[in-house]
Amino acid sequence: MTGVPQSDPDSLEHVAGKVEVLHDHFKDSKAKMTGVTGQNPFGDIKHPDNRPGEHPSEHAVNALGGFKDRMHGQFDAAAELMKSSGGALREAAKALREADDAAKDSITVKDGSLDT
């Protein structure tokens, strides 16, 4: 028999905790993604025709820096999404508990056994 899926508040709270841990994982991963720090590892890249101006290795460092910045933005967005998803699951668990409590206070007997 198929019916309405059953959700219980404890399961929702458990899943919320798992989702919120992902928030921390995204933050940790973001911290591990750094741009070029220290000496430029691309220092040997040279213009093939010795053109003046910014050295090609600086372009490589700048490109990696831009990539890092965009990825940090993605990690921040994902972390925020996990945080808000966890909050939504906790709110759903709270609503289920409140609905269960309200239902306990307003039980209706439909079999007529309380009729006088």
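Just so it is clear, the structure is predicted and the values come from calculations on it, not from any experiment. Sequence order sets the numbering: in each chain, residues are counted from 1 along the sequence as written. Confidence filtering applies because this is a predicted model: local features only for residues at pLDDT of at least 70, side-chain atom pairs given and counted only at 80 or more, and all residues used for totals across whole chains, interfaces and linings. To obtain the side-chain values, all non-hydrogen atoms of the structure were used and water was disregarded.

Right, let's get into a negative patch on the surface. Nonpolar side chains (Val, Leu, Ile, Met, Phe, Trp, Tyr) within 5 Å and like charges within 9 Å form the patches, drawn only from residues with over 30% relative accessible area and no salt bridge. All accessible areas in this document rest on Shrake-Rupley with a 1.4 Å probe, and a residue is counted as covered only by the protein chains that are shown. A carboxyl oxygen of Asp or Glu within 4 Å of a side-chain nitrogen of Lys or Arg is what we treat as a salt bridge. Positive charge is attributed to Lys and Arg, negative charge to Asp and Glu, and no charge count is given to His or to the chain ends. To locate a charge, take atom NZ for lysine, CZ for arginine, CG for aspartate or CD for glutamate. Judged by side-chain charge, Glu91, Glu98, Asp100, Asp101 and Asp105 come together as a negatively charged surface patch. Relative to the helices and strands, Asp101 is located in helix α2 (residues 56-105). Numbering of helices and strands starts at the N terminus; helices are DSSP runs of H or I of at least 4 residues and strands are runs of E of at least 2.

Further remarks concern the packing of aromatic side chains. The rule is short: rings of Phe, Tyr and Trp, with Trp giving its six-membered ring, pair when the centres are within 6.5 Å, and they are stacked under 30 degrees, edge-to-face over 60, tilted in between. If you walk through the whole model with that rule in mind, you get one aromatic pair. Ring geometry for Phe26 and Phe75: centres 6.3 Å apart, planes at 50 degrees, overall tilted. One end of the pair, Phe26, is in helix α1 (residues 9-32); the other, Phe75, is in helix α2, with 49 residues separating them in the sequence. Here the term buried applies to any residue with accessible area under 20% of the maximum for its type, exposed to any over 50%, and partly exposed to those in between, with areas from a 1.4 Å probe on protein chains only. Classification of Phe26 as partly exposed rests on a relative accessible area of 27%.

So, about the side chain of Ser57. Note that Ser57 resides in helix α2. Beyond its immediate sequence surroundings of up to four residues, Ser57 is in contact with Asn40, Phe42, Gly43 and Ile45. Any pair of residues with heavy atoms lying within 4.5 Å of one another is described as a contacting pair.

Where charged atoms from two side chains of opposite charge approach closely, those side chains can pair. According to the stated counting rule, one finds seven salt bridges in the structure shown. Note that Arg90 and Glu20 form a salt bridge whose closest N and O atoms lie 2.7 Å from each other. Of the two residues, Arg90 sits in helix α2 while Glu20 sits in helix α1, which places them 70 residues apart along the sequence. Between Asp76 and Lys27 there is a salt bridge whose closest N-O contact spans 3.2 Å. You can see Asp76 sitting in helix α2 and its partner Lys27 sitting in helix α1, a full 49 residues away along the chain.

Note on placement: His72 falls in helix α2. In terms of polar contacts, His72 uses its side chain to reach the backbone carbonyl oxygen of Met33, at 2.7 Å. Two N or O atoms form a polar contact when they lie within 3.5 Å of each other; inside protein one atom must be a possible hydrogen donor and the other a possible acceptor, and for residues adjacent in sequence the pair counts only when both atoms belong to side chains.

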